[in-house]
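# Results of the structural survey
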Amino acid sequence: QLQLQESGPGLVKPSETLSLTCNVSGGAISSSSYYWGWIRQSPGKGLEWIGSISYSGSTYYNPSLKSRVTISADTSKDQFSLKLSSVTAVDTAVYYCARTIPRITIFGVGTVSWFDPWGQGTLVTVSS
Amino acid sequence: DIQMTQSPSSLSASVGDRVTITCRASQSINSFLNWYQQKPGKAPKLLIYAAASLQSGVPSRFSGSGSGTDFTLTISSLQPEDFATYYCQQSYSMVTFGGGTRVEIK
């Protein structure tokens, strides 16, 4: 059974970079059928998709966060990572990783579909 | 961005009740609509994908319908374990989620 587990610091200072890793077990991330994504949830903004990556490194990012986000994948370790730079208090949230399905829209733009399964989530607080 | 609006934001219901939650998109999203259940302190769980397809392992009392801009999630007979928050998510253009509907015990 595929399982995902987030890990990383629970406290990050303003203006610094948030770094999280998602470890995948019970399956490999090197499948061309899937992408791997990050979603966050905060009281203020609800659920927000951050971005997704394929095993080969192709990425889709939420335009509202794209300038600050980097998602990378390490197939040798079956893990993928999130870096969010220049964080502020509004980036305080529970961060989830999840598996997703890639698709191409009618406009020829790549995106992703539903998310399943999800990791348990990790709370990241931005505070000095 | 495509905005997803859920209604109601919360509801109270009894075990055995039929419950319907609505999700409206700000523009047509065909059938690119998914539903999740989230319990306190837990990650969301996929219930329905592509508007009406039941995810493997999800009880058949859950069903989804709709296309275009209007969608519904129906629980045919509410069970004690169904008290949770439900979210819709569109994947027609990028990804956005609805604000959630909390289903509480009456």
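Provided above is the structure to which this section pertains.
The structure contained in this document is the topic of the report that follows.

Attention now goes to the state of the cysteines. Applying the stated criterion across every chain yields a total of two disulfides over all chains. In this model, A:Cys22 is linked to A:Cys97 through a disulfide, with the two sulfur atoms separated by 2.1 Å. Taking the torsion about the sulfur-sulfur bond, which here is approximately 65°, the covalent link between A:Cys22 and A:Cys97 counts as right-handed. One end of the pair, A:Cys22, is in strand β3 (residues 18-25); the other, A:Cys97, is in strand β9 (residues 93-104), with 75 residues separating them in the sequence. Judged by its relative accessible area of 0%, A:Cys97 falls in the buried class. Through a disulfide, B:Cys23 is tied to B:Cys88; the S-S separation comes to 2.1 Å. Every disulfide takes its handedness from the sign of the S-S torsion; for B:Cys23 and B:Cys88 that torsion is 65°, giving right-handed. One end of the pair, B:Cys23, is in strand β3 (residues 19-25); the other, B:Cys88, is in strand β9 (residues 85-90), and 65 residues separate them in sequence.

Residue and element names in this part refer to chain A. Judged by pairing direction, the sheet is antiparallel, and its four strands sit side by side in the order β1-β3-β8-β7 without closing on themselves. Each having just a single partner strand, β1 (3-7) and β7 (69-74) make up the two edges of the open sheet. Neighbouring strand axes in the sheet, compared pairwise and without regard to direction, differ in orientation by 20° on average. Here β1 runs beside β3; their pairing, made up of five bridges, is antiparallel. Residue pairing in the sheet places glutamine 5 in a bridge with asparagine 23 of β3.

All names here are of chain A. Put simply, aspartate 116 and proline 117 share a cis peptide bond, and its omega is -5°. Along the chain, the position of proline 117 falls in strand β10 (residues 110-118). Backbone geometry at serine 15 places phi at a positive 80°, although glycine is not the residue there. Among the structural elements, serine 15 can be located in the loop between β2 (11-12) and β3. Positive phi values are uncommon outside glycine, yet serine 86 reaches one of about 50°. By the element assignment, serine 86 lies in the loop between β8 (79-84) and β9.

Counting from both sides, the interface comprises 17 residues of chain B and, opposite them, 21 residues of chain A. The largest per-residue losses of area from chain B upon contact with chain A belong to B:Tyr92, B:Met94 and B:Phe97, which jointly make up 32% of the total buried on that side. Between chain B and chain A we count nine residue pairs in polar contact (both at pLDDT 80 or more) in total. Elements that contribute at least two residues to the side of chain B that touches chain A include exactly β4 (33-38), β5 (45-49) and β9 of chain B. In terms of residue class, the side of chain B that touches chain A is made up of eleven nonpolar, five polar and one charged.

Residue and element names in this part refer to chain B. The strand order across the open sheet built from four strands is β1-β3-β8-β7, with neighbouring strands paired in antiparallel fashion. Edge positions in the sheet fall to β1 (4-7) and β7 (62-67), since each has one partner strand and no second. The sheet shows a mean angle of 20° between the axes of neighbouring strands, direction not considered. Sheet topology places β7 next to strand β8 (residues 70-75); six bridges connect them, and they run antiparallel. Across the sheet, the residue bridging to serine 63 is threonine 74, located in β8.

Right, let's talk about the pattern of salt bridges for a bit. All names here are of chain B. Counted under the stated rule, the structure contains eight salt bridges over all chains. The partner of glutamate 81 in a salt bridge is arginine 61, and the shortest N-O contact between them spans 3.3 Å. You can see glutamate 81 sitting in the loop between β8 and β9 and its partner arginine 61 sitting in the loop between β6 (53-54) and β7, a full 20 residues away along the chain. Arginine 61 sits in the buried class, given a relative accessible area of 17%.

The rules behind the values
- Residues numbered from 1 in each chain as written.
- Chains lettered and ligands numbered in written order.
- Predicted model: local features only at pLDDT ≥ 70, side-chain atom pairs only at ≥ 80, totals over all residues.
- Heavy atoms only, no water.
- Disulfide = S-S within 2.5 Å.
- Helix = DSSP H or I, 4+ residues; strand = E, 2+ residues; numbered from the N terminus.
- Buried < 20%, exposed > 50% of the residue type's maximum accessible area, 1.4 Å probe, protein only.
- Pairing = 2+ DSSP bridges.
- Axes fitted to C-alpha atoms, helices over the stretch in contact; angles between N-to-C directions.
- Contact = heavy atoms within 4.5 Å.
- Buried area = accessible area lost by both parts, 1.4 Å probe.
- Polar contact = N/O pair within 3.5 Å; in protein donor to acceptor, adjacent residues only side chain to side chain.
- Nonpolar A, V, L, I, M, F, W, Y, C, P; charged D, E, K, R; others polar.
- Salt bridge = Lys/Arg side-chain N within 4 Å of Asp/Glu carboxyl O.

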